[in-house]
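Here are the chains, one letter per residue:
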Amino acid sequence: MSGIDVGEELGARAAQARALALLRIRSRALAVVITPAAVAVVLFAAGAQGHLGGAFWDGVRWAVAAVAVVVLLVAAAVAVSVARARPAVSPTVPVAEEGAPDLYRLVRDLADRLGVPAPSAIALTPDCDSWLEDRTHRAHRAHRGAAGREAKETAPVLVIGSPFLWWMRVAELRAVLAPVVAGTDSSAHPDIAAARRFVRGLDAAVADGAAPGRGALRGAPVTFAGWVARLLLRACREHAAEMERCVAATASMRAQGVDYALRIAAQEQVGLAYAGWDRLLTRVALPAWRMGRWPSRLDAGVVSALTELSRRDRLADGFTSRLGERPACDLLEEPGVADEATSLLAARLFHGGPAESGPGWAPVDWQQYPEEVVDRKWRTEAARLHRVLDAMGVPPASAADPAVPTLARVMEHLAGPGGPGEELAAGIGAAVARDDARTPAPGPAQPAPVGVGPDPLDLWGPDPLPLFPLQPPRTGTELLADHVAAMVCCAAVDTAGAAPGLDWLDGPALLVDGERRADLATPVLSLVEDGDPDPLRSWLAEVGVRSDKPVRLV
């Protein structure tokens, strides 16, 4: 037996030992519940046999019986609450086997090589991670429809990060998925599966007990059940963490015999994909979501973002040479449909957009992004800036037509005495808050319309969207700097022949003579924070922007 086999066996035994420790905690809790009933049975049996007679013992017997009945009723209520609690499920886009036969074949072949059960299904998530997820709860089976209710499989679902399919090659994806798929062996172990169901049920009961919106009468039992479940979770915490650690170590050891050398190289691509995905969401997708547009090809955009990174960063040299190999998204029959579905899910998770497209929530293609998002964003912010200046009674620029908005008006005001930037920043912050308040606040996930597939967020619960906000609220100074930069960009487009553009790593970009100008932030900050207009005037003169000319606003 090799060292890997020995380590795998030891890891499996350690995981099983931790699972048994969790089940013993459950058994002890059950023993505490039935102890009063057992004492009552002993007392009544002793009385029936002529022992422990008299009025005193009769009172003790009935008092203990009453306590036992109350404890059993409370325990039954807690057990029902835990059983009815619905464990959280990660929002994903399901991938049917007929829509990705090659991907299912790859996963099954991988499971055969590892000697483990194959996952029951595959789903995509807008994240750079992959994991196995147990969806055998009756609520999860009902969510999958009649086929899910009739399904008998207990294997978990394989969740794959959608950016991996577009950036990784087929061989790299197989190497990365090997230790994940190897975890199905532990999921099939009855002790580990029972321990996981126990812990997940407690976790779901705690979440239900903390959920708002219930009245005092209706919420008291659920809150009490959540309190009991929290006590049990504290006792289970160490054993559950160690069990999962042992399961992961066992799966990693088992997967070392499958594409181990390639997996080391593929892990570099995992880190790179994560960096590109984070940059794409925060710099490119977020401005579009704020404008009521959702990019419909985010996964394809990861490839463009990472290709751009490879051109800028010498450490990424050679990564684009991989693009000649077969990408893993070719394992899907319709990769464009899957990309659009995960892109919409990402918009809902990270921004809180609606479940369907509409007049104020429309998809946008990357070719339309500069006009539909960048130019519209700049002119909307410039218009808001001038509305705030009008409300503050700021006069027009001395050398410009008072009837039209100009950049000179903004510069003269910020360069004036008395630090006017703070007041303007406060006004901009208040205006942004008012505009956000007029926008309907996203609420809990709504049921899918009739004839449409199940909503990926149906199983998440009543938590309001977005579930994972990308950025904290911006300060007034940051908002003012963004609005002044937008005004400068509008002036450059209208008076100097510049154009809006898209930078895959930095989002909206100003193109002058076809080249991106990335040096605007410094002079804008000098004007906003220090009241010094000279750096911005020099920048405008270099680009050829006329600050006294009118600017078209939204």
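Residues numbered from 1 in each chain as written. Predicted model: local features only at pLDDT ≥ 70, side-chain atom pairs only at ≥ 80, totals over all residues. Heavy atoms only, no water.

## A look at the side chain of arginine 196
Moving on, step 1. With respect to the helices, strands and loops of the structure, arginine 196 is situated in helix H9 (residues 190-210).
Moving on, step 2. Within polar-contact distance, the side chain of arginine 196 engages the side chain of serine 187 at 3.0 Å. (Helix = DSSP H or I, 4+ residues; strand = E, 2+ residues; numbered from the N terminus. Polar contact = N/O pair within 3.5 Å; in protein donor to acceptor, adjacent residues only side chain to side chain.)

## Some words on helix H17 (residues 476-496)
Residues separated by three or four positions in an α-helix point in the same direction, a consequence of the helix having 3.6 residues per turn.
Moving on, step 1. In a regular helix each residue adds 1.5 Å, so 21 residues correspond to 30 Å; H17 covers 29 Å between its end C-alpha atoms and thus fits that length.
Moving on, step 2. One or two steps after H17, the chain reaches glycine 497, where phi turns positive at roughly 75 degrees. (Expected span 1.5 Å × (residues − 1).)

## With respect to the nonpolar core
Moving on, step 1. Membership of the largest hydrophobic core comes to 110 residues, with the highest contact counts inside it found for Leu173, Val181, Trp289, Leu298, Leu480, Val484 and Leu510.
Moving on, step 2. At 13 residues, H17 tops the list of elements feeding residues into this core.
Moving on, step 3. Those residues in contact with valine 181 that sit more than four places away from it in its chain are Val107, Leu110, Ala111, Leu114, Val116, Pro119 and Leu158.
Moving on, step 4. In terms of nonpolar packing, the next biggest core, distinct from the first, is built from 25 residues, Leu22, Ala85, Ala204 and Val206 among them. (Core = buried A, V, L, I, M, F, W, Y, C linked by side-chain atoms within 4.5 Å. Buried < 20%, exposed > 50% of the residue type's maximum accessible area, 1.4 Å probe, protein only. Contact = heavy atoms within 4.5 Å.)

## Observations concerning the packing of aromatic side chains
Moving on, step 1. Per the counting criterion, the structure on display carries five aromatic pairs.
Moving on, step 2. Considering the side-chain rings of tryptophan 366 and tyrosine 369, the 5.9 Å spacing of their centres and the 45 degrees angle between planes classify their relative orientation as tilted.
Moving on, step 3. Given a relative accessible area of 12%, tryptophan 366 falls into the buried group.
Moving on, step 4. Ring plane angle 75 degrees and centroid distance 4.9 Å describe the contact between tryptophan 366 and tryptophan 504, whose orientation is recorded as edge-to-face. (Phe/Tyr/Trp six-rings, centres within 6.5 Å; stacked < 30°, edge-to-face > 60°.)

## A look at a nonpolar patch on the surface
Moving on, step 1. On the surface, Val70, Val74, Phe224, Trp227 and Leu231 cluster together into a nonpolar patch covering about 440 Å² of accessible area.
Moving on, step 2. Those elements giving two or more residues to the nonpolar patch turn out to be helix H2 (55-84) and helix H10 (216-255).
Moving on, step 3. With three residues, the single largest contributor to the nonpolar patch is H10.
Moving on, step 4. By secondary structure assignment, the location of phenylalanine 224 is in helix H10.
Moving on, step 5. According to the relative accessible area criterion, phenylalanine 224 is partly exposed, its value standing at 38%. (Patch = residues over 30% accessible without salt bridge, like charges linked within 9 Å, V, L, I, M, F, W, Y side chains within 5 Å. Areas by Shrake-Rupley, 256 points an atom, 1.4 Å probe, with all protein chains shown as cover. Salt bridge = Lys/Arg side-chain N within 4 Å of Asp/Glu carboxyl O.)

## Comments concerning the packing of helix H7 (residues 170-181) against helix H11 (residues 260-290)
Moving on, step 1. Two numbers describe how H7 lies on H11: the axes approach to 9 Å, and their chain directions differ by 100 degrees. On the basis of the axis angle, H7 is roughly perpendicular to H11. From H7, Ala171, Glu172, Ala175, Val176, Ala178 and Pro179 reach across to H11, where they touch Leu262, Arg263, Ala266, Gln267, Gln269 and Val270.
Moving on, step 2. By residue class, the composition of the contact of H7 with H11 is eight nonpolar, two polar and two charged. (Axes fitted to C-alpha atoms, helices over the stretch in contact; angles between N-to-C directions. Parallel < 35°, antiparallel > 145°, perpendicular 65-115°, else oblique. Nonpolar A, V, L, I, M, F, W, Y, C, P; charged D, E, K, R; others polar.)

## Side note on the environment of arginine 376
Moving on, step 1. Within the fold, arginine 376 resides in helix H14 (residues 369-392).
Moving on, step 2. Each C-alpha atom of the pair arginine 376 and methionine 291 lies 7.9 Å from the other, and the pair is 85 residues apart in sequence.
Moving on, step 3. Once you skip the residues sitting within four places of it in the chain, arginine 376 turns out to touch Met291, Arg293, Glu371 and Val554.

## Regarding the pattern of salt bridges
Moving on, step 1. The final tally for this structure, using the stated rule, is 27 salt bridges.
Moving on, step 2. Notably, a salt bridge pairs arginine 297 with glutamate 340, separated by 3.8 Å at the nearest N-O pair. With arginine 297 in the loop between strand E5 (293-295) and helix H12 (298-312) and glutamate 340 in helix H13 (residues 335-350), the pair connects residues that are 43 residues apart, well separated along the chain.
Moving on, step 3. For arginine 297, a relative accessible area of 27% gives the class partly exposed.
Moving on, step 4. Here arginine 517 ties to glutamate 542 by a salt bridge, and the two come within 3.5 Å at their closest N and O atoms. Here arginine 517 is found in the loop between strand E9 (515-516) and helix H18 (521-530), whereas its partner glutamate 542 is found in helix H19 (residues 534-543), with 25 residues between them in sequence.
Moving on, step 5. Classification of arginine 517 by relative accessible area gives buried; the value is 19%.
Moving on, step 6. Put simply, Arg279, Arg283, Asp503, Asp506 and Arg516 are held in one network by salt bridges that share partners.

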